[in-house]
Amino acid sequence: MILGGFSTLGESVRMPLEGKLVKIEEEMNKKHLIMSRNKSKQAGHSCWMKTLWKKKEERDYEHVAFLSLWLSRYVFPSLPEKIVSNQVFPVAINLSSNTTMALAPAVLASLYKNLTLLKIQPMSSLEVLNASGPLHLLQLWAFERFPSLAPSSPNTLKHDEELKSFAICLQTSILVGIDCKEEYLPHRVAMQFGYDQDLLAAFPVSSISNDRFAVVPRSLQQCVSVRYFNCWARSNSARKAALRGMKCSPSSVLAK
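This one's a predicted model, so the numbers in the text were calculated from it and none came from an experiment.

In terms of helices and strands, the chain carries nine helices and four strands. The order of helices and strands in the chain, counted from the N terminus, is β-β-α-α-α-α-α-α-α-β-β-α-α. Buried residues in the chain amount to 29% of all 256 residues. Of the contacts made within the chain by residues no fewer than 6 positions apart, 67% connect residues no fewer than 24 positions apart. Total accessible area on the chain is roughly 17500 Å²; 57% of this is exposed by carbon and sulfur atoms.

Here it is in structure tokens:
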């Protein structure tokens, strides 16, 4: 199962390098440092493609260089834009060594981080806010939640690996990104996964086990549990009572 083209299964993006892979990272960092001494003081995408890997003896690192560009440009875009970040080198090296990397949790962590930034910073600053990240995933979410906007392609689970990936999506966890960690709390939006919504209790971070879970048919109409409905009804009733008890102040009348 994939999230926006990125796998939910595999090793963490913070998996340490070992053996000869450490030497590759050292060489990549040397090249990155040299490029950072140019006029722009940055390892830009264009310069990265034109300058590096022209010498025959350097072509051993060509695949890693390409993956580093791809990761910096499409997976973990950074600010300022169009810069190859040396933070992605370990991920690129592991990928070039045929190691399956769980990019989806890291991408989602980056998205959560930037959405939080978009929410908080405008409230505390009047400066122009720039945020990076795979914001196109919001479009995929919109397609899933508003089917009339999306292409007609049913989302089905066919293989054991896809079921395992779906199980990961249902479990609370810590999303480990390249430069951040974010909480993942799917129980807060159970209806988005096809399940009835229950009370928003604090859930511990969990891990994959042999526990069974139900895959809900897409034709099933989601609802809420009885205790969630009762809690919501009490809260709504208390809110309405509080609003009825409020008195308009003179300043609020004048403001109108």
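Contact geometry for helix α1 (residues 20–35) and helix α4 (residues 89–96): axes closest at 10 Å, N-to-C directions at 130 degrees. Between α1 and α4, the crossing angle belongs to the class labelled oblique. Crossing handedness for the pair α1 and α4: right-handed. On α4, the residues touching Leu21, Ile24, Glu25, Met28, Asn29 and His32 of α1 are Phe89, Pro90, Ile93 and Asn94. Here the contact of α1 with α4 is composed, by residue class, of six nonpolar, three polar and one charged.

It is worth spelling out the pairing of strand β4 (residues 181–184) at this point. Side-chain positions along a regular strand alternate between the two faces of the sheet. The pairing of strand β3 (residues 173–176) with β4 spans four bridges and is classified as antiparallel. Bridge pairing in β4 places Val176 opposite Lys181. What sits between the antiparallel neighbours β3 and β4 is a turn of four residues.

A cluster of nonpolar residues, Leu115, Leu118, Leu135 and Leu138, forms a patch on the protein surface that exposes about 270 Å² of accessible area. Mapped onto the elements of the fold, Leu135 is located in the loop between α5 (103–124) and α6 (137–145).

Attention now moves to the nonpolar core. The biggest cluster of nonpolar side chains holds 37 residues, and the ones touching the most others in it are Val13, Ile24, Met28, Trp48, Leu71, Phe76 and Leu103. Breaking this core down by element, the ones donating at least two residues are α1, α3 (62–75), α4 and α5. In terms of residue count, α5 provides more of this core than any other element does, seven residues in total.

Quick look at the pattern of salt bridges now. Evaluated as defined, the whole model comprises three salt bridges. Lys30 is the salt-bridge partner of Glu27, the closest N and O atoms lying 3.6 Å from each other. Separated by three residues within a single helix, Glu27 and Lys30 lie in helix α1, roughly one turn from each other. Residue class for Glu27 comes out buried when judged on its relative accessible area of 18%. Across the pair Asp198 and Arg227 runs a salt bridge, and its minimum N-O distance is 2.6 Å. One end of the pair, Asp198, is in the loop between β4 and α8 (226–245); the other, Arg227, is in helix α8, with 29 residues separating them in the sequence.

In this section: unusual backbone geometry. Residue Asn98 is not a glycine yet carries a positive backbone phi of 65 degrees. Classification of Asn98 by relative accessible area gives exposed; the value is 74%.

What follows covers the packing of α3 against α4. Taken N-terminus to C-terminus, the directions of α3 and α4 make an angle of 125 degrees; their axes are 8 Å apart at the nearest point. Between α3 and α4, the crossing angle belongs to the class labelled oblique. Crossing of α3 against α4: the hand is right-handed. Between α3, through His63, Val64, Leu67, Ser68, Trp70 and Leu71, and α4, the contact on the second element is made entirely by Phe89, Val91, Ala92, Ile93, Leu95 and Ser96. Residues of the contact of α3 with α4, tallied by class, amount to nine nonpolar, three polar and no charged.

All right, on to the side chain of Ser36 then. Looking at the element boundaries, Ser36 is found in the loop between α1 and α2 (45–51). A polar atom in the side chain of Ser36 sits 2.8 Å from the backbone oxygen of His32. When near neighbours in sequence (up to four residues on either side) are disregarded, Ser36 contacts Lys41, Gln42 and Ala43.

In this model, α1 (16 residues) spans 23 Å end to end at C-alpha, consistent with the 22 Å of a helix rising 1.5 Å per residue. Every buried residue of α1 is accounted for by Leu21, Ile24, Glu27, Met28, Lys31, His32 and Met35. For α1, the buried positions fall inside an angular range of 140 degrees around the axis, keeping them on one side.

Mapped onto the secondary structure, Val224 falls in the loop between β4 and α8. Linking Val224 and Ala190, residues 34 residues apart in sequence, is a C-alpha distance of 9.3 Å. Setting aside residues up to four positions removed in sequence, Val224 forms contacts with Met191, Asp196, Gln197 and Phe229.

Conventions we followed
Residues numbered from 1 in each chain as written. Predicted model: local features only at pLDDT ≥ 70, side-chain atom pairs only at ≥ 80, totals over all residues. Heavy atoms only, no water. Helix = DSSP H or I, 4+ residues; strand = E, 2+ residues; numbered from the N terminus. Buried < 20%, exposed > 50% of the residue type's maximum accessible area, 1.4 Å probe, protein only. Contact = heavy atoms within 4.5 Å. Areas by Shrake-Rupley, 256 points an atom, 1.4 Å probe, with all protein chains shown as cover. Axes fitted to C-alpha atoms, helices over the stretch in contact; angles between N-to-C directions. Parallel < 35°, antiparallel > 145°, perpendicular 65-115°, else oblique. Left-handed = near helix turned anticlockwise from the far one by under 90°. Nonpolar A, V, L, I, M, F, W, Y, C, P; charged D, E, K, R; others polar. Pairing = 2+ DSSP bridges. Patch = residues over 30% accessible without salt bridge, like charges linked within 9 Å, V, L, I, M, F, W, Y side chains within 5 Å. Salt bridge = Lys/Arg side-chain N within 4 Å of Asp/Glu carboxyl O. Core = buried A, V, L, I, M, F, W, Y, C linked by side-chain atoms within 4.5 Å. Polar contact = N/O pair within 3.5 Å; in protein donor to acceptor, adjacent residues only side chain to side chain. Expected span 1.5 Å × (residues − 1). Arc of directions from axis to C-beta.

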